Amino acid sequence: MSRRPPPPLGLDFVAARRPPSLLGWTLLTFGVLASVGVLHEYQVLDDRRADEARLLARARRSIDARNGGEAMPSAPLKEAEVKPALAAARLLGRDWGGLLMELEGAAADPGVALLELEQDASSGSLRLAGEARNLSEVFAFLTRLEAGGRVRHARLLNYRFRAEDGAGSVVFQLAARWEAGP
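Notes on the overall build of the chain
Then, in step 1: Across its full length, the chain holds 4 helices and 4 strands.
Then, in step 2: Put simply, the chain runs from its N terminus to its C terminus through helices and strands in the order α-α-α-β-β-α-β-β.
Then, in step 3: In the chain, of all internal contacts separated by at least 6 residues, the share reaching a separation of at least 24 is 57%.
Then, in step 4: Carbon and sulfur atoms form 60% of the exposed surface of the chain, whose accessible area is close to 14,500 Å².

A short note on the nonpolar core
One broad trend across soluble globular proteins is that nonpolar side chains are buried collectively.
Then, in step 1: One finds Leu128, Phe141, Leu145, Phe172 and Leu174 to be the most contacted residues of the largest nonpolar core, which totals 20 residues.
Then, in step 2: Elements that contribute at least two residues to this core include exactly helix H3 (96-106), strand E2 (125-132), helix H4 (135-147), strand E3 (151-164) and strand E4 (167-178).
Then, in step 3: Residue contributions to this core peak at 5 residues, all from E4.
Then, in step 4: Apart from residues lying up to four places away in sequence, Leu174 is in contact with Leu126, Arg127, Leu128, Phe141, Leu142, Leu145, Arg155, Leu156 and Leu157.

Looking at the confidence of the model for the chain
Caution is warranted with low-pLDDT regions, since their predicted coordinates should not be read in detail.
Then, in step 1: Looking at the chain, pLDDT values average 83 and 90% of them are 70 or higher.
Then, in step 2: Taken element by element, the chain is modelled with least confidence in helix H2 (residues 79-92), mean pLDDT 73, and with most confidence in helix H1 (residues 22-67), mean pLDDT 93.

Topic: the pairing of E4
Then, in step 1: Where E2 meets E4, 8 bridges bridge the pair, whose relative direction is antiparallel. Among the inter-strand pairings, Gly130 is bridged to a residue of E4, identified as Phe172.
Then, in step 2: By the bridge criterion, 11 bridges tie E3 to E4 in an arrangement that is antiparallel. Along E4, the bridge assignment pairs Asn158 with Gln173.

Looking at the pattern of salt bridges
Then, in step 1: Applying the stated criterion across every chain yields a total of 4 salt bridges.
Then, in step 2: Ionic pairing is found between Asp46 and Arg49, a salt bridge with its closest N-O pair at 3.3 Å. Here Asp46 pairs with Arg49, and both are found in helix H1, just 3 residues apart, close to one helical turn.
Then, in step 3: For Asp46, a relative accessible area of 26% corresponds to the partly exposed category.
Then, in step 4: When the shortest N-O distance is used, the salt bridge between Arg54 and Asp51 registers 2.0 Å. Of this pair, Arg54 and Asp51 both sit in helix H1, separated by 3 residues, roughly a single helical turn.
Then, in step 5: Residue Asp51 is classed as partly exposed on the basis of its relative accessible area, which comes to 37%.

So, the environment of Gln119
Then, in step 1: Topologically, Gln119 is positioned in strand E1 (residues 112-120).
Then, in step 2: Here the alpha-carbon distance between Gln119 and Arg177, two residues 58 residues apart in the chain, equals 9.3 Å.
Then, in step 3: Contact partners of Gln119, with chain neighbours within four places excluded, come to Trp96, Ser125, Leu126 and Trp178.

Brief notes about the environment of Leu128
Then, in step 1: The topology assignment puts Leu128 in strand E2.
Then, in step 2: As for Leu128 and Leu174, which are separated by 46 residues in sequence, their C-alpha atoms are 5.3 Å apart.

As for the side chain of Ser169
Then, in step 1: Here Ser169 shows up in strand E4.
Then, in step 2: A polar side-chain atom of Ser169 sits 3.1 Å from a polar atom in the side chain of Glu131.
Then, in step 3: With residues near it in sequence (within four places) discarded, Ser169 still touches Glu131, Ala132, Arg133, Arg160, Phe161 and Arg162.

Comments concerning the packing of H3 against H4
Then, in step 1: One can describe the packing of H3 onto H4 by two numbers: an axis separation of 9 Å at closest approach and a directional angle of 145°. Both H3 and H4 take part in a crossing whose hand is right-handed. Across the interface between the two elements, Glu102, Leu103 and Ala106 of H3 pack against Phe141, Arg144 and Leu145 of H4.
Then, in step 2: A breakdown of the residues in the contact of H3 with H4 according to their chemical character gives 4 nonpolar, no polar and 2 charged.

Conventions used here
Residues numbered from 1 in each chain as written. Predicted model: local features only at pLDDT ≥ 70, side-chain atom pairs only at ≥ 80, totals over all residues. Heavy atoms only, no water. Helix = DSSP H or I, 4+ residues; strand = E, 2+ residues; numbered from the N terminus. Contact = heavy atoms within 4.5 Å. Areas by Shrake-Rupley, 256 points an atom, 1.4 Å probe, with all protein chains shown as cover. Core = buried A, V, L, I, M, F, W, Y, C linked by side-chain atoms within 4.5 Å. Buried < 20%, exposed > 50% of the residue type's maximum accessible area, 1.4 Å probe, protein only. pLDDT = per-residue confidence, 0-100. Pairing = 2+ DSSP bridges. Salt bridge = Lys/Arg side-chain N within 4 Å of Asp/Glu carboxyl O. Polar contact = N/O pair within 3.5 Å; in protein donor to acceptor, adjacent residues only side chain to side chain. Axes fitted to C-alpha atoms, helices over the stretch in contact; angles between N-to-C directions. Left-handed = near helix turned anticlockwise from the far one by under 90°. Nonpolar A, V, L, I, M, F, W, Y, C, P; charged D, E, K, R; others polar.

The following block contains the structure:
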């Protein structure tokens with residue numbers, strides 16, 4: 001009896017490759033198109049950045065030339081551009097220190113204390129809130145304020161009496177116009 005060797009085992013641990021499906025090809029195509037779109041957008045933004053860098057360099061050279069004494073011709077400004085710039089310059093150039101000194105001088109009486117100041121330089125309006133020992137000191141403060149020259153049309157908006165610890169005081173608010181030229 002002769003023994004025959006056993007037949008070889010037909011174990012295949014590596015499965016045969018499946019062909020790519022339509023979904024796989026679609027995803028691959030979408031990925032490639034998205035990559036091309038992103039690269040194109042990157043190029044556009046890089047070109048825009050390069051243009052801005054050139055404009056910035058030109059502006060810096062222009063400023064350096066002006067500071068160096070060489071005058072570069074510039075385009076004249078239009079009236080619509082000049083008016084807002086001049087208005088802003090007038091507001092910034094107002095005599096704020098003089099106004100505050102005048103308010104401090106008017107409130108120099110020890111019976112008057114300014115608590116709040118709200119101003120609008122564009123319209124020239126001024127609102128003050130303060131406290132005084134009595135109502136006559138409030139009116140004296142109004143008189144001193146208008147006598148200074150910068151503040152005009154000061155008027156008492158409201159007042160109320162307040163009693164704390166046996167000492168009474170008057171809390172007041174007033175409005176005025178102020179003329180503070182450069």
